[in-house]
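So you can see what is in the structure, the chains are spelled out below.
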Amino acid sequence: MAQTPQAKYRKDYTPPSHTISSIDLVFDLYDNNTKVTAVSKVTQLEQDNVLHLDGEHLKLTSIEVNEEKWTRFEQVEGGIVISGLPQEFELKVVTEIDPEANTALEGLYKSGGAFCTQCEAEGFRRITYYLDRPDVLAKYTTKVIADKTQYPYLLSNGNRIAEGVLENGRHWVQWQDPHPKPAYLFALVAGDFDVLRDKYVTKSGRNVELEIFVDKGNLDRASHAMTSLINSMKWDEERFDLEYDLDIYMIVAVDFFNMGAMENKGLNIFNSKFVLANEQTATDTDYLGIEAVIGHEYFHNWTGNRVTCRDWFQLSLKEGLTVFRDQEFSSDLGSRAVNRINNVRIIRGPQFAEDASPMSHPIRPEKVIEMNNFYTLTVYEKGSEVIRMMHTLLGEEAFQKGMKLYFQRHDGTAATCEDFVAAMEDASGVDLKQFRLWYSQSGTPTVSIESEYNSEKQTYSLVVSQSTEATHDQQDKQPLHIPLDIELYTNNGQVIELQCNGVRVGNILNVTEEKQTFVFENVTENPIPSLLRDFSAPVILEYDYSDDELAFLMTQAKNDFSRWDAGQTLLAKYIRSNVTAVQGNKDITLPPSLIDAFRGVLLSETLEPALIAEVMTLPSHNEVSGWYNRVDVDAIAKVLKAIKVKLANALEDEFSSLYHTLQQAQYSITHQAIGMRSLRNTALSYLAYTDNGNQLINSQYFSANNMTDTIAAMSSANSAQLECRETLMADYSEKWKHDGLVMDKWFALQGSNPADNALEVIKSTMDHESFSLKNPNRIRNLIGSFLNMNPVQFHAKSGEGYLFAGKILKELNTSNPQVASRLIDPLLKFRKYDETRQSMIKVELEKLRAMDNLANDLFEKVSKALDS
Ligand code: TRP
Ligand code: ZN
């Protein structure tokens, strides 16, 4: 290592030394030497007349202060220090950058034939020397100059104010954004596109031009994104009373992008995965993902852009809140229960795993080396759960009052998580003092409940205990304020009114102590409790349910989520007991009552098909692994497969009849149609393990009129290793090899191929004409799937999987450290595996640590993993 990277601490925050009221940018775009001229109006805030500007990978051409050449500056690691400055001045900085060589996809880079930018979190410093921190808000004017034929569209934030033509075939457009913003929300795009246009009239009558820019030839894949955008704008007006604030809203889809999408003011830049869809190229899951991400970026306009973050430790202020808003959007438009189930799967699976890993951190981190490493499930998804808990405690009406007060106080400024909680507290009168601990305490709390029925007194007691295990980042844990949503049922399924101390109480219990007893009166029989309804807090629930109680809840609970959750709990009991059985060389068994409970769900006439599909979906290998401190990869895989086969054979008739009756002649993307396809394809995933599987799946593939059914067939053929797998894979590749985005689904199947020769095939797949190690989507689908979705092959005893991962990581460390840093996560958890595997993974981490050009992104994770 040249220099050990330094950590930054939340507690060390200090306000900026200077403020910048406006910046005027000129980009003279060329592939290898783009000239950037930045003229800023700067005012000194502190005594110091020294200005430290951030800058990386820049070639400095000149600095002028008040139009005079300035020499009193020094180039330092990560920037420049300019001294001898007046109180107020105009600063002109000219830099040169090389967009084509920028494979990290941060700052200004080329994606295919187009120029584009990605500035969050700290990418603007790769464009010019600047105060690249979110609490410096300036008004931007941006002039973009480029070749007219190659780059007919020149875009930036705000409104187009001027344009012109130059000699040499070049032209220019100038943009002005009236809303002050931090540098991370800056964006620029130059390219040749097809444009889908529409209009939206806000509720107060503002006319907004909507434009979606896609690669030429892709116009027929942009309409779902446009519909989703219009739905988002309308929903935010109706549910949050928030309107759009510019005359134009642009979205550009690019193929090379490190994340999902970016909320740059008025000019969102999207991974094309979250824009492009038609029924031939995209699955239902893709359609729903587009709706969610378009919503997410649009909702950032208020929660993120109008009110931004004071510093990056506050990231959850905008991300947790905006995820909460996009989840509510999807739930209001589609099935609330199915959305909740899928969000809860993410928390209980990968988010709980992150809490247990060397990277554990609170939703508001205390210590950061590389900010890009903190765009995590904890900050985003657990952050959203924390907002959701406040919503549960306050109720919709008081929560909306809190939002109003938050905007009243902080619109146009950079705020903190504390500001948000204070607004919620002040608007509602609900005490959130203890609740604030959710922001500073990391880890997953366990809530253990015991119940006791007293038939004489007719009382029912719940004894609730909570504790949080120490995490890698934090030893001491305190009791949290946990909203616990419950319902009690009589044995014939009636809801029992909750009464405490003589008064009727609501369903939300306020758990605040280490151990607490809740006594309910007038309970005339020993009830069946439904606990942690809707997953009212991100905790592990422990309660000793009998199989009968769970089977009861699966059919009788009033709330769809609870019915699903009871099914998952029942499965969990038998997954655990069978893992133990396998480890003791005993047979895998399931009680007939369990099979009957699932049969009951399959035959239900009241449950919506989408929900039945969720109930029938087993927890993933990853989720199950999270239940153990020491993971037995092979035993878990064996048990999950055996349960699938047993259910398939026992319920073949039911699956088969659903499969045939749920067939739809026409494809449509209504939520009802999606739900029916989801159940039908879930049935198919079981039927794959029956005698008819191969024939059924082969014929679904060749008769499918939409991508959802195509991929469902291929994915079942892959999991069950059916004979037709090779034929289907070959046919698909022949059909789609020209289209990387569509091929990603195929790459993901190669990555997750459970066959023993999977790694060999993956290595040769890297030579496929549509694969490239430069494209993050390709990497994630082929290599990411192997590391994350193929436990048995990745963790093969030979160690070949680890060796392969190490090699790829080494390469990506140089070309794209952000992508490398996401890919490495499964290796950080090496302590969960047996000694042999542990030491083989450690060897790979040690090799990375020894590299002399290790990027901060990997340095932070590797050193945490090895040193903990
Ligand atoms: N703010 C973006 C979002 O959540 C996240 C994002 C997009 C991002 N691209 C990034 C974060 C690159 C870090 C680096 O919508
Ligand atoms: Zn976001």
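Residues numbered from 1 in each chain as written. Chains lettered and ligands numbered in written order. Predicted model: local features only at pLDDT ≥ 70, side-chain atom pairs only at ≥ 80, totals over all residues. Heavy atoms only, no water.

(A) Up close: the coordination of the zinc ion (ligand 2). Each protein donor to the zinc ion (ligand 2) is listed here as His296 (NE2), His300 (NE2), Glu319 (OE) and Glu319 (OE); together their distances run 1.9 to 2.7 Å. The coordination sphere of the zinc ion (ligand 2) comprises six donor atoms, whose angles at the metal cover 45 to 160 degrees; the geometry is irregular. Binding-site remark: the zinc ion (ligand 2) is held by donors from one chain whose sequence spacing is H-x3-H-x18-E. Placement of the pair is histidine 296 in helix 2 (residues 284–299) and glutamate 319 in helix 3 (residues 315–333), with a sequence separation of 23 residues. Judged by relative accessible area, histidine 296 falls into the buried class, the value being 8%. On the basis of relative accessible area, glutamate 319 is assigned to the buried category, the value being 1%. (Donors = N, O, S within 2.8 Å, 3.2 Å for Na, K, Ca; no water. Tetrahedral: all angles 85-135°; square planar, octahedral: opposite > 155°, others 65-115°. Helix = DSSP H or I, 4+ residues; strand = E, 2+ residues; numbered from the N terminus. Buried < 20%, exposed > 50% of the residue type's maximum accessible area, 1.4 Å probe, protein only.)

(B) Molecular detail of the site of ligand 1. Taken together, 16 residues are adjacent to ligand 1, and Glu120, Ala261, Glu263, Glu297 and Tyr380 come closest. For ligand 1, a nitrogen atom lies 3.4 Å from a polar atom in the side chain of glutamine 118. A distance of 3.4 Å separates an oxygen atom of ligand 1 from a polar side-chain atom of histidine 296. Within the complex, the protein chains bury 97% of what would otherwise be the 370 Å² of accessible surface of ligand 1. Every element with two or more residues in the shell around ligand 1 is listed here: strand 20 (261–262), helix 2 and helix 3. Residues of the shell around ligand 1, tallied by class, amount to six nonpolar, five polar and five charged. (Near = heavy atom within 4 Å. Polar contact = N/O pair within 3.5 Å; in protein donor to acceptor, adjacent residues only side chain to side chain. Areas by Shrake-Rupley, 256 points an atom, 1.4 Å probe, with all protein chains shown as cover. Nonpolar A, V, L, I, M, F, W, Y, C, P; charged D, E, K, R; others polar.)

(C) How the structure looks around the UniProt feature "domain: Peptidase M1 alanyl aminopeptidase Ig-like fold" (unreviewed entry) in the chain. In the UniProt entry, the feature "domain: Peptidase M1 alanyl aminopeptidase Ig-like fold" (unreviewed entry) is given for residues 443–544. Helix makes up 0% of residues 443–544 and strand 48%, and the two end C-alpha atoms of the span are 23 Å apart. (UniProt positions renumbered as here; feature names shortened; annotations may be inferred.)

(D) Broad picture of the environment of threonine 281. Examined against the element boundaries, threonine 281 turns out to sit in the loop between strand 21 (267–271) and helix 2. Accessibility expressed as a relative area gives 7% for threonine 281, which makes it buried. A C-alpha to C-alpha distance of 18 Å links threonine 281 and threonine 227, two positions 54 residues apart in sequence. If sequence neighbours within four positions are ignored, threonine 281 has contacts with Arg221, Asp286, Met707, Trp736, Val742 and Lys745. (Contact = heavy atoms within 4.5 Å.)

(E) How the structure looks around the packing of aromatic side chains. All chains considered together, the criterion is met by 33 aromatic pairs. An angle of 75 degrees between the planes, with centres 4.6 Å apart, marks the rings of tyrosine 543 and tyrosine 545 as edge-to-face. Exposure class is identical for tyrosine 543 and tyrosine 545. Each is buried. One aromatic cluster in this structure is built from Trp235, Phe240, Tyr244, Tyr249, Tyr298, Phe299 and Phe329. The positively charged end of lysine 11 is found above the aromatic ring belonging to tyrosine 9, 4.5 Å away from the centroid. The lysine or arginine in question, arginine 325, covers the ring of phenylalanine 240, its NZ or CZ lying 4.6 Å from the ring centre. (Phe/Tyr/Trp six-rings, centres within 6.5 Å; stacked < 30°, edge-to-face > 60°. Lys NZ or Arg CZ within 6 Å of the ring centre and 35° of its normal.)

(F) Here's a closer look at unusual backbone geometry. Residue glutamate 120 is joined to alanine 121 through a cis peptide bond whose omega torsion reads -5 degrees. Here alanine 121 shows up in the loop between strand 11 (114–118) and strand 12 (138–147). Located in the positive-phi region is asparagine 168, a residue other than glycine, with phi close to 65 degrees. For asparagine 168, the position within the fold is in the loop between strand 14 (159–165) and strand 15 (170–181). Since its relative accessible area comes to 69%, asparagine 168 is described here as exposed. Positive phi outside glycine occurs at leucine 532, with the angle close to 55 degrees.

(G) Here's a closer look at the nonpolar core. Ranked by size, the top nonpolar core spans 281 residues in total, and within it Leu91, Phe124, Met390, Phe420, Phe520, Tyr732 and Ile783 carry the most contacts. Counting residues per element, this core draws most heavily on helix 5 (residues 377–410), which supplies 14 residues. Dropping the residues within four chain positions of it, isoleucine 783 is found in contact with Met766, Phe771, Leu773, Arg778, Phe804, Ile808 and Leu823. (Core = buried A, V, L, I, M, F, W, Y, C linked by side-chain atoms within 4.5 Å.)

(H) Representation of the environment of proline 16. Relative to the assigned elements, proline 16 resides in the loop between strand 1 (8–9) and strand 2 (18–28). Residue classification places proline 16 among the buried positions, given a relative accessible area of 10%. Spatially, the C-alpha atoms of proline 16 and glutamate 46 are 8.3 Å apart, while their sequence positions differ by 30 residues. Setting aside residues no more than four positions away along its own chain, proline 16 makes contact with Leu45, Glu46, Arg133, Asp135 and Val136.

(I) Broad picture of the sheet that holds strand 29 (residues 495–496). Taken together, three strands build an open sheet; the order of strands is 29-28-34 and the sheet is antiparallel. Each end of this open sheet is capped by a strand with a single partner; those strands are strand 29 and strand 34 (528–530). Taken together, the three bridges between strand 28 (residues 487–489) and strand 34 define a ladder with antiparallel strand orientation. The residue of strand 34 that forms the bridge with glutamate 487 is serine 530. The sheet contacts of helix 8 (residues 547–556) involve strand 28 and strand 34, and relative to strand 34 the element is tilted by about 60 degrees. (Pairing = 2+ DSSP bridges. Axes fitted to C-alpha atoms, helices over the stretch in contact; angles between N-to-C directions.)

(J) Quick peek at the pattern of salt bridges. Under the counting rule described, the total for this entry stands at 56 salt bridges. Between arginine 206 and aspartate 247 there is a salt bridge, and its shortest N-O distance comes to 2.7 Å. Pair noted here: arginine 206 is in the loop between strand 17 (194–201) and strand 18 (207–214) and aspartate 247 is in the loop between helix 1 (223–240) and strand 19 (248–254), with a separation of 41 residues, a long-range link. Judged by its relative accessible area of 30%, arginine 206 is partly exposed. Two residues, arginine 849 and aspartate 867, come together in a salt bridge whose shortest N-O distance is 3.1 Å. Of this pair, arginine 849 sits in helix 26 (residues 835–849) while aspartate 867 is found in helix 27 (residues 856–867), placing the two residues 18 residues apart along the sequence. (Salt bridge = Lys/Arg side-chain N within 4 Å of Asp/Glu carboxyl O.)

(K) The arrangement of the side chain of glutamate 425 in detail. Within the secondary structure, glutamate 425 sits in helix 6 (residues 417–428). Exposure remark for glutamate 425: the relative accessible area of 18% places this residue in the buried category. Polar contacts involving the side chain of glutamate 425 include one to the side chain of arginine 436, which spans 2.9 Å. When near neighbours in sequence (up to four residues on either side) are disregarded, glutamate 425 contacts Val430, Asp431, Leu432, Lys433 and Arg436.

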